[in-house]
Amino acid sequence: MVFVLATPESEAGAPPAPEMFEAMDRYNDELVEAGVMVAAAGLKPSVNGKRVAFDGAGRTVIDGPFAETRELVAGFWIWNVKDMDEAVAWVKRCPNPMPGPSKIEIRPYYEYEDLAEFLPPGSTPHDGERGKLGVA
């Protein structure tokens, strides 16, 4: 999974310049044509979001905006790549997703095999029923 990290500009809801939209559309088309793209979306600023804090059985809903911009995600892709090196190569080709300095984070998700030793005996992957990504 590839995360575009938020910036103060993205949190302020500033729309990207038309040139940025065009560059990102071309890049996304390349991902689709290469069979890499599984899903992607931009996220609205955190002022539109909520967090739910868990403490035992208790749940607390926290309204956005959230204070630490550097800890927020502004968008994501889910890619089907053979390894981290391929993901890094694709990210290096990405247009800068923000008007100024920005960061993209790449995180692999757990595969069934990664957690098999921790799952109950007889447990099997849930392809189709819950999707093909990881074991969630």
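Data block above holds the structure.
Residues numbered from 1 in each chain as written. Predicted model: local features only at pLDDT ≥ 70, side-chain atom pairs only at ≥ 80, totals over all residues. Heavy atoms only, no water.

S.K.: Looking at this structure, how should I read the sheet that holds strand E5 (residues 73-79)?
M.R.: Working definition: the strands of a sheet are paired by backbone hydrogen bonds and lie parallel or antiparallel to each other. Sheet architecture is open: four strands sit in the order E2-E5-E1-E6, paired in antiparallel fashion. The open sheet has two free edges, formed respectively by strand E2 (37-42) and strand E6 (104-106), since each of these has just one partner strand. Sheet twist, expressed as the average angle between the axes of neighbouring strands with direction ignored, equals 15 degrees. Contacts between helix H2 (residues 18-33) and the sheet are confined to E2 and E5, with E5 contributing the most and set at about 25 degrees to the helix. (Pairing = 2+ DSSP bridges. Helix = DSSP H or I, 4+ residues; strand = E, 2+ residues; numbered from the N terminus. Axes fitted to C-alpha atoms, helices over the stretch in contact; angles between N-to-C directions. Contact = heavy atoms within 4.5 Å.)

S.K.: Just to check I follow, could you spell out the environment of Gly64 for this structure?
M.R.: Relative to the assigned elements, Gly64 resides in the loop between strand E4 (58-63) and E5. In the structure, Gly64 is positioned 18 residues away from Ser46 in sequence and 5.2 Å away in space, judged by C-alpha atoms. Leave out the neighbours within four places in its chain, and Gly64 touches Ser46, Val47 and Gly49.

S.K.: So what exactly am I meant to see when it comes to the packing of H2 against helix H3 (residues 84-93) here?
M.R.: A pair of packed helices is characterised by two quantities: the angle between their axes and the separation of those axes. Look at H2 against H3: their axes get within 11 Å of each other, and the N-to-C directions meet at 155 degrees. In terms of orientation, H2 lies roughly antiparallel with respect to H3. The two elements H2 and H3 cross, and the hand of that crossing is right-handed. Contacts from Tyr27, Glu30 and Leu31 of H2 reach H3 at Trp90, Val91 and Arg93. Of the residues that constitute the contact of H2 with H3, the class distribution is four nonpolar, no polar and two charged. (Parallel < 35°, antiparallel > 145°, perpendicular 65-115°, else oblique. Left-handed = near helix turned anticlockwise from the far one by under 90°. Nonpolar A, V, L, I, M, F, W, Y, C, P; charged D, E, K, R; others polar.)

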